[in-house]
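Each chain is listed here by its residues.
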Amino acid sequence: MKNKLLSGAFWMMLGSILSRILGIVYLIPWLIMMGNPQHQNAAQAIFNTAYTPYALFLSLGTAGFPTAIARQVAEYNGQNKFKNSVRVFKFASLFMLFTGIMCGGLLYVFAPLIAQKSAVVSTDVATSAIRVMVPTLVILPPMSLMRGFFQGNADMRPFGISQLWEQFARVIFILVSTFVIMYMQGGDYVKAVNYSTFATFIGAIASYLYLFWYASKKIPQYRELYQESEPVDNLQIVTIFKNIVKEALPFIFVGSAVTIFQFIDQLTFKDIMVDLTGMPTVKAQNLYTYFSANPNKITTVVISLTIAISETSLPLLASLAKKNDRRQIGTTIAQNIELMLLALIPSAGLLSILAWEVNGVFFPFNKEAASLMSFALISCMALAIFTDFFTVIQSLGKHEYAVKKLALGIILKLVLQVPLTYLFGPYGTILATTFAFGIISLMVYAHIKHNYLKGIRLRNIKKILVINVLVLGVAFISNAVIKMAYVPQGKLSAFVYAALFGGMFMLLYLLLLNKSGVMKAVFGVNVKIPVSQKERGKHFKA
């Protein structure tokens, strides 16, 4: 079971992390090509204004269905009913095409209203950028369903690699089109942003091509499973759709949670700051870029660590839930939490400490932007933990419980949004999200602990937390002392400093994990590090 979890997590993390790294590395040349810092901030604000509603509509159209298909396929395969899996996939693909068309149409219609409420100076420019995303929204849902089918067959490789192809093609198109527009066609940065948003369509086509190629290689294996399968159940088409929708709706709602919160920020921040505090619109646009558009590029990489692990656990937990094996469910959940915290806390913590350098490498150096970046990176831990816990609870079939708790979280966000934003500006907006996600995540953890973790020793989790507190505490103090004498001011020097400083403390972190036995307990390996000449000789002889 642990091998499946680790193998699946590897492929999910490979695709999720590398694709998101590509998604932020391209920002360096892209923003440089946009020109002066004001144009860079405006470009980021316009891009984020288009991308957040697109991501929300995409989540509404796809988030639950691939996960629901993965869960159903895993259950059918566990009962040797592969024919059922194929039949459900076929009908679900048609349904997903319909949802793509519907969501694309809705985004097109509501684009002007969304743009008007967003923290941008020009409503017309934002409307055009949003509508450019519509073609991608139409074709992505069926493709995401293909990924869900592979996931349900415990095959995470195409899920991860297709993400890489998608992002690679998207980034290449963004950089080439931006270069042509900015240096060969007169330098219209608004036009360059529109082409950059359209790049999602190019990436989707690339992902489709890879998935079709991979599926063609798996046909002999699937044909064998089909031949050995039990006869297909006598399910009517209406029943199939009913089961899919019933299974998917909770996943759609919960899967859209982070984007819903970001969309709330997008629609409310300008009104609160401009109407209630009298802040100029341009200043509100810049602050929105600093606390939302810029940090989201970095925090998605951190959160993807959690998504990779939690989604890998889904088919395993679904299968165990079917057998009602509570002991193994508890063990798997404990492993899930260990892996999540092992990667999440040091990555978010170190990036937060190095926020000045991280912000400066990708965006213009700015003290306020760096401070908001640091705050957002700490906050993203609450988002990542929410993602993991709610995926776990849903994979165990507790959909109604998850939906109720998320609804409570949205209510908390809405209640806290205006007073905290009014009092603390963008920091208050981030705090409202952190409090809402943090409270409902604690509630879900209490439920998981009471029902599934009784008798399961969580000693490794305690060790992981202690080691992180120690390493991050030393890193914070060390960075503060160094900054008294030296502060990087260029992109190259900031990158070198962040790489050396972050690498040194990650090495310390790994050494402490190894020394404490956590490495062996979680991964089944233990790195022997010789500490004396005598031991070094023994090491090499061995």
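The rules we used
- Residues numbered from 1 in each chain as written.
- Predicted model: local features only at pLDDT ≥ 70, side-chain atom pairs only at ≥ 80, totals over all residues.
- Heavy atoms only, no water.
- Helix = DSSP H or I, 4+ residues; strand = E, 2+ residues; numbered from the N terminus.
- Buried < 20%, exposed > 50% of the residue type's maximum accessible area, 1.4 Å probe, protein only.
- Contact = heavy atoms within 4.5 Å.
- Areas by Shrake-Rupley, 256 points an atom, 1.4 Å probe, with all protein chains shown as cover.
- Expected span 1.5 Å × (residues − 1).
- Salt bridge = Lys/Arg side-chain N within 4 Å of Asp/Glu carboxyl O.
- Axes fitted to C-alpha atoms, helices over the stretch in contact; angles between N-to-C directions.
- Parallel < 35°, antiparallel > 145°, perpendicular 65-115°, else oblique.
- Left-handed = near helix turned anticlockwise from the far one by under 90°.
- Nonpolar A, V, L, I, M, F, W, Y, C, P; charged D, E, K, R; others polar.
- Polar contact = N/O pair within 3.5 Å; in protein donor to acceptor, adjacent residues only side chain to side chain.
- Core = buried A, V, L, I, M, F, W, Y, C linked by side-chain atoms within 4.5 Å.
- Patch = residues over 30% accessible without salt bridge, like charges linked within 9 Å, V, L, I, M, F, W, Y side chains within 5 Å.
- Lys, Arg positive; Asp, Glu negative; His and termini not counted.
- Charge placed at Lys NZ, Arg CZ, Asp CG, Glu CD.
- Phe/Tyr/Trp six-rings, centres within 6.5 Å; stacked < 30°, edge-to-face > 60°.
- Lys NZ or Arg CZ within 6 Å of the ring centre and 35° of its normal.
- Arc of directions from axis to C-beta.
- pLDDT = per-residue confidence, 0-100.

Chemist: Go over the overall build of the protein, please, and point to the residues and values.
Modeler: Counting its regular elements, the protein contains 20 helices and 0 strands. Counting over 542 residues, the protein shows a buried share of 54%. Counted over contacts in the protein with a minimum sequence separation of 6, partners at least 24 positions apart contribute 83%. Put simply, the protein shows about 23400 Å² of open surface, and 68% of that area lies on carbon and sulfur atoms.

Chemist: Got a sec to walk through helix 12 (residues 326–353)? Specific residues and values, please.
Modeler: Helix length check: helix 12 (28 residues) gives 40 Å between terminal C-alpha atoms against 40 Å at 1.5 Å per residue, within 8%. By the criterion of burial, helix 12 is predominantly enclosed, with 23 of the 28 residues buried.

Chemist: Break down the pattern of salt bridges for me, citing the residues and quoting the values.
Modeler: Tallying each qualifying case throughout the model produces 6 salt bridges. The closest approach of N and O atoms between Lys 483 and Glu 357, which form a salt bridge, is 2.8 Å. Of this pair, Lys 483 sits in helix 17 (residues 459–483) while Glu 357 sits in helix 13 (residues 355–362), and the two are 126 residues apart along the sequence. Judged by its relative accessible area of 0%, Glu 357 is buried.

Chemist: Can you tell me about the packing of helix 15 (residues 399–424) against helix 16 (residues 426–452), naming the residues and giving the values?
Modeler: With their axes 7 Å apart at the nearest point, helix 15 and helix 16 run at an angle of 155° to one another. When the axis of helix 15 is compared with that of helix 16, the two are roughly antiparallel. Where helix 15 crosses over helix 16, the handedness of that crossing is right-handed. Looking at the contact of helix 15 with helix 16 residue by residue, the class counts come to 17 nonpolar, 7 polar and 2 charged.

Chemist: How would you summarise the side chain of Ser 441 if you had to cite specific residues and measurements?
Modeler: Inspection of the secondary structure assignment puts Ser 441 in helix 16. Looking at Ser 441, its side chain comes within polar contact range of the main-chain oxygen of Phe 437, at 2.7 Å. Leaving out residues up to four positions away in the same chain, Ser 441 has contacts with Ala 382, Ile 385, Phe 386 and Phe 389.

Chemist: I'd like a rundown of the nonpolar core, residues and numbers included.
Modeler: Of all hydrophobic cores here, the largest spans 135 residues; its most connected members are Trp 30, Leu 107, Ile 333, Phe 386, Phe 390, Leu 406 and Phe 437. Those residues in contact with Leu 107 that sit more than four places away from it in its chain are Pro 53, Tyr 54, Phe 57, Ile 114, Ile 130, Met 133, Val 134 and Leu 137. By size, the runner-up hydrophobic cluster in this structure holds 14 residues, among which are Phe 269, Met 273, Ala 369 and Ala 376.

Chemist: How would you sum up the packing of helix 6 (residues 134–152) against helix 7 (residues 157–184)? Please name residues and give values.
Modeler: One can describe the packing of helix 6 onto helix 7 by two numbers: an axis separation of 9 Å at closest approach and a directional angle of 150°. With respect to helix 7, the element helix 6 is oriented roughly antiparallel. For the pair helix 6 and helix 7, contact is made by Leu 140, Met 143, Arg 147, Phe 150 and Gln 151 and by Pro 158, Phe 159, Ser 162, Gln 163 and Glu 166, respectively. Counted by class, the contact of helix 6 with helix 7 contains 5 nonpolar, 3 polar and 2 charged residues.

Chemist: Explain a positive patch on the surface to me, using residue names and the numbers behind them.
Modeler: The grouping of Lys 449, Arg 457, Arg 459, Lys 462 and Lys 463 at the surface amounts to a positive patch. Ranked by residues supplied to the positive patch, first place goes to helix 17 with 3 residues. Its place among the elements puts Lys 449 in helix 16.

Chemist: Quick one: what's the story with the packing of aromatic side chains, residue by residue and with numbers?
Modeler: Here the structure, examined in full by the defined rule, presents 29 aromatic pairs. Aromatic side chains Trp 30 and Phe 47 sit 5.9 Å apart centroid to centroid with 65° between the ring planes, which places their arrangement in the edge-to-face category. Of this pair, Trp 30 sits in helix 2 (residues 27–34) while Phe 47 sits in helix 3 (residues 37–78), placing them 17 residues apart in sequence. Judged by centre distance (5.7 Å) and plane angle (15°), the ring pair of Tyr 497 and Phe 501 falls under stacked. Pair noted here: Tyr 497 and Phe 501 are both in helix 18 (residues 491–516), with a separation of 4 residues, about one helical turn. Each residue in the set Phe 82, Phe 89, Phe 149, Phe 150, Tyr 210, Trp 213, Tyr 214 and Tyr 222 is aromatic and connected to the rest through ring pairs, giving one cluster. Across from the ring centre of Tyr 226, 5.2 Å away, lies the NZ or CZ of Lys 83, which sits over that ring. Looking at Lys 297, its charged tip hangs above the ring of Tyr 51, at a distance of 6.0 Å from the centre.

Chemist: Hey, could you go over helix 5 (residues 123–131) for me, with residue numbers and the actual values?
Modeler: Owing to its 3.6 residues per turn, the α-helix aligns residues three or four sequence positions apart on the same side. Among the residues of helix 5, Ala 126, Thr 127, Ala 129 and Ile 130 are the ones counted as buried. One side of helix 5 carries all its buried residues, which in axial view fall inside an arc of 165°. With a side-chain oxygen lying 3.2 Å from the backbone nitrogen of Val 125, the N-terminal cap of helix 5 falls on Ser 122.

Chemist: Which residues make up the environment of Ala 376, and what values go with them?
Modeler: With respect to the helices and strands, the residue Ala 376 is situated in helix 14 (residues 367–395). Sequence spacing of Ala 376 and Pro 295 is 81 residues, and the spatial spacing of their C-alpha atoms is 6.4 Å. Ala 376 has contacts with Phe 291, Pro 295, Thr 299 and Ile 430, leaving out every residue within four places of it along the chain.

Chemist: I'd love a proper account of the environment of Met 381, names of residues and values included.
Modeler: Relative to the helices and strands, Met 381 is located in helix 14. Note on Met 381: relative accessible area 18%, which makes it buried.

Chemist: Any details on the confidence of the model for the protein? Residues and values, ideally.
Modeler: Here the protein shows a mean pLDDT of 84. Residues at 70 or above account for 88%. Of all the helices and strands in the protein, helix 20 (residues 533–541) carries the lowest mean pLDDT, 46, while helix 15 carries the highest, 95. Confidence drops under pLDDT 50 across residues 529–542; counting only partners more than four residues distant or on other chains, this segment forms 6 contacts.

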